[in-house]
Amino acid sequence: MLSAVASSSRHSSLVSFASQRSFATQAICNPRVSANKERLIILGSGWGGYQLAAKVDRKKYDVTVISPTGYFTFTPLLASTSVGTLEFRTALEPVRRLKDCKFSLARAQSIDLKAQTVTLLSAVPNPTDGNFSTSPPPRAVGAPPPNDSSTLPKPVPKEETFTMAYDKLVISVGAFSATFGTEGVYEHAHFLKDVRDARAIRKRILDCFERASQPFVKEKEKRDLLSFRVVGGGPTGVEFAGELCDLLSTDMKRIYPDLAQLATINLYDVAPGILLSFEESLRDYAMKQFAREGVSIHPNSRVLKVGDGWMDIEGEGKLPFGLLVWSTGLQPNPLIDSITGVSKDPRSRSLHTDSSLHLLDKEGQPFPNVFAIGDNSIVKDGPRLPATAQVATQKALTLANNLNNLVNNKPEKPFEFESAGSMVYLGNWRAMIDRSGPDVKGIKGKDAGASAWFLWRSAYWGMTMSWRNRFLLSVYWGINLLTGRDISRF
Ligand code: FAD
């Protein structure tokens, strides 16, 4: 409530300051177009940013979303897309499809909280500077092997930056995958954060099988190539292991019958178990389910180093892999690290906000016109919530309502989290739902098995943002059931 009062009293002076600046400064590329429509800049098009942009009243605000990805990613479906259970497009919503919402394909490099500006680095390569395509140029059949332009060093793209001014700013740039400083992870492991990661994983799995099927490849190399390892026993690592198991035991078994029996899945975690946020009987269920499916679980395993096709585990030595998927939590986005003069959580280095999601300065005072939501922030004096889509979504909805009300001078409402519980897919049409936690609102309970799998799929079908993707999901789930997964390698 305090912040609401602060916000409305300082509101008008900030607006006029910002609009004077924008007209006076040549370098600012978004002058205010209407005296009574504030420029709302949203950094990020993920669960927080995209949903805020969709729900905020775009008649009341001049909304611009800025993100290096031109789409929203429905992350719970990424594991399914990485093994061909679903097509990549089913997990994506283009930001430009939002009506009356501007978009800039760019990465925020820095924020000047005093001048109310954001410096952005363009994320659009120039199609004519030789950096446009990642594949070599097409050659005529019979042309000589590529000692041509595809092997020449490509020109380094020019850094193209520009500045935008805001009247209100929302920071929702998410977080990066944590490696805990483990050497070689960036170079040799795959993350699963974005649809491009899912695509790279799918290609790598298929590359491993294709390479293993070459006649000159020896048995030992085949086994190494078909060793699939996952580091991280949280929901993402577990779901990926479950989906991979489905792929190996169905489509790969049918297409590469001799090779599929050599394939192994091993899941490692430094903790004494997996899915530690789930209730104990559900964790036991997951262990038994994985044992039945042939997924080996290795708790208390610390990865020391990762190399090209191997990882070194403390006490075990070097283990070969064809694919290593790394999912061990989060570390701050570099943009968040670059913001100074604000209050941050000492443990996660996330931004602190007050309960109305205003960014806090070092003294704990709210910035009236700057907000932070999603994985990059936590409420300073609130309960410690997990970095999930649920939390990001509810913060986005609270903030959208508050921003819509602010225009009519209505007070802001504090953010209050209502947990819907946790779900995880385990493979072989089995899932688990845990609604037993103290923060779960409504009916409490837990479920595991095929009925939980049905609820898991129904929930994500319902949460999907567009009817177009709901339709596609139904089609792909149906087609794959009848004809198998898409295993095109591209
Ligand atoms: P994100 O969704 O990560 O979005 C960040 C956005 O910021 C992206 O658009 C990115 O391109 C953009 N960005 C990054 N840097 C910049 C920059 N410098 N300038 C501008 N834009 C930038 N949660 C659940 O509740 N349930 C689940 O089932 C679940 N499953 C998951 C499965 C996977 C594989 C993963 C990876 C996560 C899952 N999560 C789940 C967690 C959930 O996805 C995150 O908590 C959620 O994405 C956080 O939303 P966000 O908006 O903070 O960040």
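Keep in mind that this is a model prediction, so the values were computed, not measured. (Residues numbered from 1 in each chain as written. Predicted model: local features only at pLDDT ≥ 70, side-chain atom pairs only at ≥ 80, totals over all residues. Heavy atoms only, no water.)

Caption draft 1: Fine view of helix α5 (residues 195-212). Spanning 18 residues, α5 covers 26 Å between terminal C-alpha atoms, matching the ideal 26 Å at 1.5 Å per step. Looking only at α5, the buried set comprises Val195, Ala198, Ile201, Arg202, Ile205, Leu206, Cys208, Phe209 and Ala212. Summarising the axial view, the buried residues of α5 lie within an arc of 150°, below the 170-degree limit, and thus occupy one face. (Helix = DSSP H or I, 4+ residues; strand = E, 2+ residues; numbered from the N terminus. Expected span 1.5 Å × (residues − 1). Buried < 20%, exposed > 50% of the residue type's maximum accessible area, 1.4 Å probe, protein only. Arc of directions from axis to C-beta.)

Caption draft 2: Representation of the site of the ligand within the structure. Taken together, 28 residues are adjacent to the ligand, and Gly48, Thr75, Ala108, Asp375 and Tyr460 come closest. Here an oxygen atom of the ligand sits 2.5 Å away from a polar atom, N or O, in the side chain of Thr75. When the free accessible area of the ligand is taken as 990 Å², the share hidden by the protein chains comes to 87%. Going through the elements one at a time, α2 (47-55), β2 (61-67), β5 (102-112) and α11 (389-406) are the ones with two or more residues in the shell around the ligand. Here the shell around the ligand takes three residues from α11, the largest share from any one element. For the shell around the ligand, the residue count by class is eleven nonpolar, 14 polar and three charged. (Near = heavy atom within 4 Å. Polar contact = N/O pair within 3.5 Å; in protein donor to acceptor, adjacent residues only side chain to side chain. Areas by Shrake-Rupley, 256 points an atom, 1.4 Å probe, with all protein chains shown as cover. Nonpolar A, V, L, I, M, F, W, Y, C, P; charged D, E, K, R; others polar.)

Caption draft 3: Seen up close, the sheet that holds strand β14 (residues 310-313). One open sheet accounts for three strands, arranged β13-β14-β15; its pairing is antiparallel. Each edge of the open sheet carries a strand with a single partner, namely β13 (303-307) and β15 (317-320). Strand-to-strand twist of the sheet, defined as the mean angle between neighbouring strand axes without regard to direction, takes the value 25°. Relative to β15, β14 runs antiparallel, the two sharing four bridges. Looking at β15, one finds that Ile313 is bridged to Gly317. (Pairing = 2+ DSSP bridges. Axes fitted to C-alpha atoms, helices over the stretch in contact; angles between N-to-C directions.)

Caption draft 4: Highlighting the nonpolar core. Of all hydrophobic cores here, the largest spans 47 residues; its most connected members are Ile205, Phe209, Phe228 and Phe240. Formed by 42 residues, the second largest nonpolar core is a distinct cluster that contains Ala53, Ala91, Leu399 and Leu406. (Core = buried A, V, L, I, M, F, W, Y, C linked by side-chain atoms within 4.5 Å.)

Caption draft 5: Quick peek at the environment of Tyr460. Along the chain, Tyr460 turns up in helix α12 (residues 450-463). Owing to a relative accessible area of 11%, Tyr460 belongs among the buried residues under this scheme. Separated by ten residues in sequence, Tyr460 and Arg470 place their C-alpha atoms 9.2 Å apart. Sequence-distant contacts of Tyr460, defined by excluding residues within four places in its chain, comprise Phe74, Pro76, Leu77, Met423 and Leu473. (Contact = heavy atoms within 4.5 Å.)

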